[in-house]
Amino acid sequence: MQNVILNWSISLVLLTLTVACMSNQYVPYHPVIRSQDELMVSNSAVNSEHRENIKRVFDFYSVSYREENGQILIPADVWQDRELMWNYTTKANDPEWLRQQEEDGHIKSTP
């Protein structure tokens, strides 16, 4: 019985460490699109307009990001949620949503 408890305790500690490490790891952002009923990562290059829009969406939702070598990097744990990433991508491509958030004072206007 003690071995079972010890194994569960070790597993819990390892899981906690894995999650903690993933939340500190940043990965490149790529748009997520819906193709029929499947969410897919787009291989298209991110243009400057989308780059600025996705940063505005990340700011709105308080998603931390950083830029390195022309790429936007986001936390790995955020990237793992494809439905959420599709939602962010969709909002970054929606001029009406961006305009409304700008008018409401939730996001800054583009320069």
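These lines cover the structure that appears in this document, whether it is placed above or below. Bear in mind that the values here come from a model prediction, so they are computed numbers and not experimental data. Per-chain numbering applies: the sequence of each chain, read as written, is numbered from 1 onward. Local features in a predicted model are, by the rule used here, given only for residues with pLDDT of at least 70; side-chain atom pairs are given and counted only at 80 or more, and totals for whole chains, interfaces and linings are based on all residues. For the side-chain quantities, the full set of heavy atoms in the structure was used; hydrogens and water were omitted.

1. Structural notes on the side chain of Gln-101
Link 1 in the chain: Helix and strand definitions follow DSSP, with helices as H or I runs of at least four residues and strands as E runs of at least two, each counted in order from the N terminus. Mapped onto the fold, Gln-101 is located in helix H5 (residues 95-103).
Link 2 in the chain: The exposure class assigned to Gln-101 is buried, which follows from its relative accessible area of 10%.
Link 3 in the chain: Contact criterion: two residues are considered in contact whenever any of their non-hydrogen atoms come within 4.5 Å of each other. When residues no more than four places from it in sequence are discounted, the contact partners of Gln-101 are Phe-60, His-106 and Ile-107. The buried label goes to any residue with under 20% of its type's maximum accessible area, the exposed label to any with over 50%, and the partly exposed label to all in between, with areas taken from a 1.4 Å probe on protein chains only.

2. Things to note about the pairing of strand E5 (residues 71-75)
Link 1 in the chain: For E5, a buried count of four out of five residues is recorded, marking the element as mostly surrounded by other parts of the structure.
Link 2 in the chain: Here the rule is simple: two strands pair whenever DSSP picks up at least two bridges between them. Relative to E5, strand E1 (residues 26-28) is paired through three bridges, and the arrangement is antiparallel. Among the inter-strand pairings, Val-27 is bridged to a residue of E5, identified as Ile-74.
Link 3 in the chain: Hairpin connection of strand E4 (residues 66-68) to E5: two residues between the antiparallel strands, including Asn-69 at a positive phi of 50 degrees.

3. A short note on the packing of helix H2 (residues 48-60) against H5
Link 1 in the chain: In this analysis, axes come from line fits to C-alpha atoms, helices being fitted only over the stretch in contact, and the angle between any two N-to-C directions falls in the range 0 to 180 degrees. H5 packs onto H2 with a crossing angle of 50 degrees between their chain directions and a minimal axis gap of 11 Å. Here H2 is positioned oblique relative to H5, judged by the angle of their axes. In terms of crossing hand, the pair formed by H2 and H5 is left-handed. Only Trp-97, Leu-98, Gln-101 and Glu-102 of H5 make contact with H2, whose side of the interface consists of Asn-53, Arg-56, Val-57 and Phe-60.
Link 2 in the chain: Residue composition of the contact of H2 with H5, grouped by class: four nonpolar, two polar and two charged. With respect to orientation, any angle under 35 degrees is reported as roughly parallel, any angle over 145 as roughly antiparallel, any angle of 65 to 115 as roughly perpendicular, and every other angle as oblique. By the definition used in this description, the sense in which the near helix is turned from the far one sets the handedness, with an anticlockwise turn below a right angle giving left-handed and a clockwise turn giving right-handed. The nonpolar class holds Ala, Val, Leu, Ile, Met, Phe, Trp, Tyr, Cys and Pro. Asp, Glu, Lys and Arg form the charged class, and all remaining residues, Gly among them, are polar.

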